[in-house]
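Reading the structure
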Amino acid sequence: MFDESNIVVGLEIGTSKICVVVGEENAEGAPNIIGLGQSLSNGVRKGEICDQEKVEHELRLAISEAEQMADVEIRSVYLGVTGGHIRGFNNRGKHPVVTADREISEDDVQDVIKNAKAINLPSENTVIHAVRQNFCVDGQDGVMKPVGMLGSWLEVDMHVVHGHANRLQNAIRLVKGMQVEVDDVVFNGLASSLAVLNNEQKELGALVIDIGGGTTEYVVYVEGGIRHSGVLAVGGDHLSNDLGHGLKLPLSRAEKLKRDNGSALVKEENRGQTLSLLNEFGLAVKTVNVEYLQRIMSLRLEELFEIIAQELEQAGLTNYLRAGVFLTGGSSRVPDIEKLAERIFQMNVTHGHADSVGGITAALDQPEFATAIGLVKYGALKKRQRVQRPNLTTGLKNMTNMVGRLLQRS
Amino acid sequence: MEPHLSLAPEENPKRVAIKIFGVGGAGITLLSAVNTSEFAGIDFVAVDADSPAAANATVKIQLETKLLRGLGSGGDVERGRAIAEEQFSTLKSACEGANVIFILAGLGGGAGSGISPVLAKAAREAGALVLAFVTLPFECEGNRREAQAQQSLEALRLVADGVICLPCQKIFRLVDENTGVVETFQTIGRLLLEGVRGVWQLLVRPGLIPIHFSDLCSLLRDRHAENAFAFVTATGPARAREAVEKILSHPLFDDGRVLAESNAVLVSLTAGKDLTMAEMNRVMDHIKRQCTHAEIIMGASVDATLQEKLCVTVIAAKRGLHTNKEEPALSITPRGEATSLLPGHHRESSVPRSGRTRRAGAKLIQTQLPLSIVSRGRFDKSEPTLHQGEDLDVPTYLRRGAVWQ
């Protein structure tokens, strides 16, 4: 058996599938994928659980499959969350450096981060992530490590991802109810971007779009840090639904047509082409125009990209994405989707590959698993941080606290 | 954009042959009002169930049959339609030789409502594009006439390439209480005339930024509520601003409210050779700001005879609010491709529309997509995904009004 502490598990409860990825940290602390479990998901709509019982059952299947494959017992997971209620925005915290010599100390850094996190959220919302971007000392932007520098004002830009507390809690409670601990809750978009991007691309500036079954997450990295993120509750389900509506087909049929004949752009050879649908006896029951099928899909995806492009335009980030756009998620398998995206974003668009982890490579190169793999990566990073930085100041604080308490008691 | 180098109208090699038909009593009255020296070179045809003797028209057609014994249609649409169908070949031959046919009619009565759809069909069969200018009756004229008018309007929409309709009730905003009946009707006539003139100018004046007739048709087709149109002129150094003010305060536009609600707007500017880009920009800018949700089709042309005048024609079309029971059809051209195929005009994508379906369309081109109810399909029970007021769960192709032909 493996030592429990080496195991990092990512769990994504997605709209189309539930996916459990088991990673094992090697000696250098890099994750190695050793197990994968998945099951079809029926109790989730637009990334949020709507049928607890179904999800519980399917989750159990996925976990046991992953446990068998990796030959470990899963005790805790990093849980990916998404949903239309999740928002990301940037906030700037400000803190005066009050010491006589104006030297910025570790305490000042902690304080300014605390200030930046103190934001006006609706009372029912909770912060999922607060990611530090850059420090700014007396108006000098782009400071990475301000400790030891001189200055009178220390500022920090944070990217805050927040969501509806109860809705997030639903997923957490469901997992905990199965005697599995939740190490951390991670925004799916962040996880996918971790899986897909390497440091160089983050530094250059990149946009990751994860088009899943029920939702689409997007995350923008500029100069190595997250600058923008968001969720649109539009995904592959919408493609199927549009097709079902437009071509008058049941959803399952539409889903199959989407996979077999779908395209993000109307293909020249399919113009005017029709397709006969057969029933179980091989008789043609309906003809479907492939051109319409592809145009319906094209319009939906075009709109999706346009909304994201518009958002980036408003945030003024379009010119910072030198590494281009990375597509991932199950729905990014639609043929020609990169051409469509290229047309809308006017920049290089590629399919993202989760190639920065080792292990079962056949499983890794699928866009559907980017989030779950990213969750493992996130977990591994978190663990490493904890090991590498046995925080001296907090350790000391804890000790003084303890001493204080002891004194109080006596 | 491709600026046409020839500016004078007579140098235009592809002259459109236009015929204007006045149908029924009201239509013939309107026709007489239109038949002025301005429209020289256009054939005017008067069509009525009884004798259109009073008409000031080049051709007069009396659809006289034994059926009616020389009397009129008697306010009965069915009778009007019956005689028109009987004389279909006469109507068709009257339509020969024209590229574009305007039909002027007052809907609600027997002749106008009954004959116009048949005439439109005949004209189409004769190979012409059909644009109908019709009035809807006053509310005080009673429900039956209203119903007949609506029915006829639907029928007309199915066959005509475009219908511009003016509900007479709206006239009350233009005239005060003391205005005489004659004057009121003159106002209606003038308004419709302005519409005809505006469209006529679009078609015959060579455009710097031309508006194709197909643009006009695609704008008017499938829009099931009334269209509002305005034709304003302004002179002087501040003519652009004056024109904009006139448009925005135009009574048919409800202080610009119609523009804000419309989802397709056609703007055509005509001026003398001194038309500046800044003027065009100013007018378009203001109109664009008024109708953020609309698809805008813009045209500009130069007419040396206008001297210092700036004429602006605005046609605003709004999708209907009441749904049609008939088998719908899709029309217009696909987004994106349309713009590339038709150079020289500017199109903006049409956007938010409240959760209503596209109303069913004019011609039965393809019957694959019946869009009478807005369906959110599998997202029926889930929280709607709203983005800038648009429900993203409704299929995109519905909201964008896409289009298969």
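Residues numbered from 1 in each chain as written. Chains lettered and ligands numbered in written order. Predicted model: local features only at pLDDT ≥ 70, side-chain atom pairs only at ≥ 80, totals over all residues.

1. A few points about the nonpolar core
What counts is decided by this rule: The nonpolar core is taken to be a set of buried Ala, Val, Leu, Ile, Met, Phe, Trp, Tyr and Cys residues joined by way of C-beta atoms within 7 Å. Our exposure labels follow a C-beta count within 10 Å of each residue's own C-beta, placed from the backbone: buried means 20 or more other C-beta atoms, exposed means 12 or fewer, and partly exposed covers the counts in between. Secondary structure is summarised from DSSP: a helix means a run of H or I of at least four residues, a strand means a run of E of at least two, and numbering begins at the N terminus for each.
Ranked by size, the top nonpolar core spans 113 residues in total, and within it A:Val21, A:Val22, A:Leu207 and A:Ile373 carry the most contacts. The leading source of residues in this core is helix H8 (residues 290–315) of chain A, at twelve residues. Membership of the second largest hydrophobic core comes to 106 residues, among which are B:Ala46, B:Ala155, B:Cys168 and B:Ala243.

2. With respect to the sheet that holds strand E6 (residues 162–167) of chain B
All names here are of chain B. This is how it is decided: For two strands to be treated as a pair, DSSP must find at least two bridges joining them. Only the contacting stretch of a helix is used when fitting its axis, a line to C-alpha atoms as for every element, and angles between N-to-C directions run 0 to 180 degrees. Here contacts are defined at the residue level, using C-beta atoms placed from the backbone and a cut-off of 7 Å between them.
Judged by pairing direction, the sheet is parallel, and its six strands sit side by side in the order E3-E2-E1-E4-E5-E6 without closing on themselves. Both outer strands of the open sheet, strand E3 (59–62) and E6, are each paired with one neighbouring strand and no more. The average undirected angle you get between the axes of adjacent strands in this sheet is 15°. Examined bridge by bridge, strand E1 (residues 18–23) and strand E2 (residues 43–48) share five bridges and lie parallel to one another. Following the sheet pairing, glycine 22 is matched in E2 by alanine 46. Lying over the sheet, helix H3 (residues 88–95) contacts E1, E2, E3 and strand E4 (100–106), oriented at roughly 170° with respect to E3. Along the sheet, helix H4 (residues 111–125) makes contact with E1, E2, E4 and strand E5 (129–136), crossing E4 at roughly 170°.

3. What about the environment of B:Arg241?
All names here are of chain B. Here arginine 241 shows up in helix H8 (residues 239–248). We classify arginine 241 as partly exposed; it has 15 C-beta atoms within 10 Å. Along the primary structure arginine 241 and histidine 286 are separated by 45 residues, whereas in three dimensions their C-alpha atoms are 9.2 Å apart.

4. Looking at the confidence of the model for chain B
All names here are of chain B. Heads up, the condition is: Across the chain, each position has a pLDDT score giving the predictor's confidence in that residue, from 0 to 100.
Taken as a whole, chain B shows an average pLDDT of 71; of its residues, 72% reach a score of 70 or greater. Looking at the elements of chain B, mean pLDDT is at its lowest for helix H11 (residues 337–341), recorded as 33, and at its highest for E4, recorded as 86. Segment residues 1–13: pLDDT under 50, and 20 contacts once partners within four positions in sequence are set aside and those in other chains are kept. Low pLDDT, under 50, characterises residues 321–372; the predicted model gives this stretch 115 contacts beyond four residues in sequence or across chains.

5. Section: the environment of B:Cys165
All names here are of chain B. Within the secondary structure layout, cysteine 165 lies in strand E6. A residue is classified by how many C-beta atoms lie within 10 Å of it, and cysteine 165, with 23 of them, is buried. Sequence spacing of cysteine 165 and phenylalanine 229 is 64 residues, and the spatial spacing of their C-alpha atoms is 9.1 Å.

6. Here we look at the interface of chain A and chain B
Note the threshold: For this scheme, ten residues count as nonpolar: Ala, Val, Leu, Ile, Met, Phe, Trp, Tyr, Cys and Pro. Four count as charged, namely Asp, Glu, Lys and Arg, and the remainder, Gly too, count as polar.
Taken together, the contact between chain A and chain B spans 20 residues of the former and 17 residues of the latter. Elements supplying a minimum of two residues to the side of chain A that touches chain B: helix H6 (236–246) and H8 of chain A. Class assignment of the residues belonging to the side of chain A that touches chain B gives a composition of seven nonpolar, six polar and seven charged.

7. Comments concerning the packing of helix H2 (residues 77–86) of chain B against H4(B)
Residues and elements named next belong to chain B. We count it as follows: Handedness of each helix crossing follows the sense of rotation of the near helix against the far helix: counterclockwise by less than a right angle gives left-handed, clockwise gives right-handed.
Across the interface, H2 lies against H4 with an axial gap of 7 Å and an inter-helix angle of 35°. In the crossing of H2 with H4, the sense of the turn from one axis to the other is right-handed. On H4, the residues that touch Val77, Glu78, Arg79, Gly80, Arg81, Ala84 and Glu85 of H2 are Ala111, Ser113, Gly114, Ile115, Val118 and Leu119.

8. Let's talk about helix H4 (residues 188–196) of chain A
Summarising burial for H4(A): nine of the nine residues are buried, a large majority. Turning to H4(A), its buried residues are A:Asn188, A:Gly189, A:Leu190, A:Ala191, A:Ser192, A:Ser193, A:Leu194, A:Ala195 and A:Val196.

9. Some thoughts on the sheet that holds strand E19 (residues 358–359) of chain A
All names here are of chain A. Across the sheet, six strands lie side by side as E11-E6-E1-E2-E3-E19; this open sheet has mixed pairing. Two strands close off the open sheet at either side, each with one partner strand: strand E11 (181–187) and E19. Here strand E3 (residues 31–40) runs beside E19; their pairing, made up of two bridges, is parallel. Pairing of asparagine 32 across the sheet is with glycine 358, part of E19. Sitting on the sheet, helix H1 (residues 52–70) is in contact with strand E1 (7–13), strand E2 (17–25) and E3, with an inclination near 145° to E3.

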